[in-house]
Amino acid sequence: MGDILIIDDERDIRELISDILQDEGYGTRLAKNSDECMAQIAAETPALMILDIWLKDSNMDGIDILKTVKRESPEIPVVIISGHGNIEIAVAAIKQGAYDFIEKPFNIDQLMVVISRAMEASRLRHENYELKRRDSQSVEMLGKGAVFKAMKLNLDRVTNSNGRVMLTGPGGAGKEVAARYIHCNSNRASNPFITVNSASVEPERMEEVLFGSESRERGIAPGLLEQANGGVLFIDEVADMPLGTQAKILRVLVDQQFTRVGGSEKLRVDVRVISSTNRDLEDEIEAGNFREELFHRLNVVPVRVPSLEERREDIPELAATFIDQFNQNQGLPLRALSDDAIAMLQTMRWPGNVRQLKNVIERVLILGESSGDIGAEELPHSESSPSETGQVVLSGSMATLPLREARELFEREYLLTQINRFGGNISRTATFVGMERSALHRKLKSLGVVTANKAGGRVAFVAEEG
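All values derive from a computational prediction rather than experimental measurement.

Quick look at the packing of helix H13 (residues 315-330) against helix H15 (residues 353-367) now. At their nearest, the axes of H13 and H15 sit 10 Å apart, and the two run at 55° to each other. By the angle between their directions, the pair H13 and H15 is classed as oblique. With respect to the hand of their crossing, H13 and H15 are arranged in right-handed fashion. Only Val-354, Leu-357, Lys-358, Ile-361, Glu-362 and Leu-365 of H15 make contact with H13, whose side of the interface consists of Ile-315, Leu-318, Ala-319, Phe-322, Ile-323, Gln-325, Phe-326 and Gln-330. For the contact of H13 with H15, a count of residues per class yields ten nonpolar, two polar and two charged.

Take a look at the structure:
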């Protein structure tokens, strides 16, 4: 049922508690002082500790042991017992992280109720950790296009190092997914992946969130750096981190140690830092909003996460995966995408990138039919150019042009979209638009459209004149 470590300087007490627990099916280990206690923890982490506050012939008393355990192994529930108990000791123990406090001579039924609850809390915490670990291990990068493959190759190259990675790219492109992919394929996969979104934390609270806090009134509150010890700290949108915090996180990167807010003890951590931004940090440095030294510390390995419009080839696979996920997690209809729907999804504008695509798919499954293929008419027209009535709505600039110029502009934009949709593959584009390959080449030349390798894939763009 679990392994419980009992620490008490009175042999009769610790053996009595052990006998009671063993009768209930628990495994137990015993220690009479702090040295034996810490040796037992080092040998194997217990599921629960029962700890006496007053320990004779011991280098540390119960409160000191509690502080050490909560700093180094915060997941272990600790039940404090004492024959000298009073409300002040109980409050001090709870503030330092104890699960509960029991006064000697204790009632056996009361002891068993507290231990049962503490063990249940320990079990739930362990299950939650395992679920998070399995979730991180199941991270899958989806895509087959050249741009995606180039990015994934870079991610694979950094998984087994401890080098700091800077992920850049527009919002919604999947920077956190990329960070989780690095983590779950690294030698830190079984350790925590902790995220802090710099944009969502109030500037005045950022240091407390990262470094934790301690005070006589509130006890110890571990920060995200402590929680990430042994694993990864992902700093999302790092450009939004306050300048004052930037200086302190820089010191952590150099020394791998820090002090909690309100504390004086230096804490050492082993954390790999992955950061992300959708801004140009060199511009932020020039504007005085970001520390140059911190940029160079974080930007050891830069990896760009492409926008969805750069990887239109991957849209069918992404959309089908989202449909399957919504079916499994929310019970939404399991429907296939028609060819027309796929074509429209691949030619729509996606300023919100993968996140926007996922939202669109969820909306269609909620509001659409319960069966049958998803047709193009079910897709939200606000994401693309057609109006709700199916008419083509001309842009203001196109509406003012003569027919010949407007047709040329339309053909150029249409073919640019189709070529990029097919990852720069001219043969597939020609088949879809219904032209001979040689005729398509002539048309592209007349429109000033060229293709070239860019960002790991082949893309089409308008050649600059001259």
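The next point concerns a nonpolar patch on the surface. Taken together, Phe-410, Tyr-414 and Phe-432 make up a surface patch of nonpolar side chains, about 290 Å² in accessible area. One can find Phe-410 in helix H17 (residues 403-421). With a relative accessible area of 47%, Phe-410 lands in the partly exposed category.

Let's shift gears to the sheet that holds strand E2 (residues 27-31). In a beta sheet, neighbouring strands are held together by backbone hydrogen bonds and run either parallel or antiparallel to one another. The strand order across the open sheet formed by five strands is E2-E1-E3-E4-E5, and the pairing between neighbours is parallel. Looking at the sheet topology across the chains shown, the edges are occupied by E2 and strand E5 (100-103). Averaged over neighbouring strand pairs, the angle between their axes works out to 20° when direction is ignored. Strand direction decides the pairing type here: strand E1 (residues 3-7) and E2, joined by five bridges, are parallel. Residue Asp-3 lies in a different strand from E2, and its bridge partner there is Gly-27. Running over the sheet, helix H1 (residues 11-23) touches E1, E2, strand E3 (48-52) and strand E4 (78-82) and is turned about 170° from E2. The strands touched by helix H2 (residues 34-43) within the sheet are E1, E2 and E3, with E2 carrying the most contacts at an inclination of about 140°.

Turning next to the packing of H17 against helix H18 (residues 426-433). Where H17 contacts H18, the axes come no closer than 8 Å and their chain directions differ by 125°. Here H17 lies oblique to H18, going by the angle between them. Between H17 and H18 lies a crossing of right-handed hand. Contacts from Tyr-414, Leu-415, Gln-418, Ile-419 and Arg-421 of H17 reach H18 at Ile-426, Thr-429, Phe-432 and Val-433. When grouped by side-chain class, the residues that make up the contact of H17 with H18 number six nonpolar, two polar and one charged.

This part is about the sheet that holds strand E10 (residues 232-236). Pairing is parallel across the open sheet formed by five strands, whose spatial order is E7-E10-E13-E6-E14. Two strands bound the open sheet, and with one partner strand each, they are strand E7 (193-197) and strand E14 (301-304). The average undirected angle you get between the axes of adjacent strands in this sheet is 20°. The strands touched by helix H6 (residues 146-158) are strand E6 (165-168), strand E13 (272-277) and E14; relative to E14, the strand with the most contacts, the crossing angle is about 150°. Sheet strands touched by helix H7 (residues 175-184): E6, E7, E10 and E13. Its angle to E7, the strand with the most contacts, is close to 155°.

A word on H1. Between its first and last C-alpha, H1 extends 18 Å over 13 residues, near the 18 Å set by a 1.5 Å rise per residue. Just downstream of H1, Gly-25 is the residue with a positive phi angle, here 95°.

A few words on the packing of aromatic side chains. Centre-to-centre distance and the angle between the planes together describe a pair of aromatic rings. The full count for this structure, using the stated rule, is four aromatic pairs. Aromatic side chains Phe-211 and Phe-258 sit 5.7 Å apart centroid to centroid with 35° between the ring planes, which places their arrangement in the tilted category. Taken together, the residues span a long stretch of sequence, with Phe-211 in helix H8 (residues 206-211) and Phe-258 in strand E11 (residues 257-259) at a distance of 47 residues. Residue Phe-211 is classed as buried on the basis of its relative accessible area, which comes to 4%. By relative accessible area, which is 4% here, Phe-258 ends up buried. Considering the side-chain rings of Phe-410 and Tyr-414, the 5.9 Å spacing of their centres and the 20° angle between planes classify their relative orientation as stacked. Highlighted residues: Phe-410 and Tyr-414, both in helix H17, separated by four residues, approximately one helical turn.

All right, on to a negative patch on the surface then. Together, Asp-280, Glu-282, Asp-283, Glu-286, Glu-292 and Glu-293 make up a negatively charged patch on the protein surface. Contributions of two or more residues to the negative patch are made by helix H11 (281-286) and helix H12 (292-298). Residue contributions to the negative patch peak at three residues, all from H11. As for its placement among the helices and strands, Asp-280 is situated in the loop between E13 and H11. By relative accessible area, Asp-280 is classed as partly exposed at 43%.

Analysis parameters
Residues numbered from 1 in each chain as written. Predicted model: local features only at pLDDT ≥ 70, side-chain atom pairs only at ≥ 80, totals over all residues. Heavy atoms only, no water. Axes fitted to C-alpha atoms, helices over the stretch in contact; angles between N-to-C directions. Helix = DSSP H or I, 4+ residues; strand = E, 2+ residues; numbered from the N terminus. Parallel < 35°, antiparallel > 145°, perpendicular 65-115°, else oblique. Left-handed = near helix turned anticlockwise from the far one by under 90°. Contact = heavy atoms within 4.5 Å. Nonpolar A, V, L, I, M, F, W, Y, C, P; charged D, E, K, R; others polar. Patch = residues over 30% accessible without salt bridge, like charges linked within 9 Å, V, L, I, M, F, W, Y side chains within 5 Å. Areas by Shrake-Rupley, 256 points an atom, 1.4 Å probe, with all protein chains shown as cover. Salt bridge = Lys/Arg side-chain N within 4 Å of Asp/Glu carboxyl O. Buried < 20%, exposed > 50% of the residue type's maximum accessible area, 1.4 Å probe, protein only. Pairing = 2+ DSSP bridges. Expected span 1.5 Å × (residues − 1). Phe/Tyr/Trp six-rings, centres within 6.5 Å; stacked < 30°, edge-to-face > 60°. Lys, Arg positive; Asp, Glu negative; His and termini not counted. Charge placed at Lys NZ, Arg CZ, Asp CG, Glu CD.

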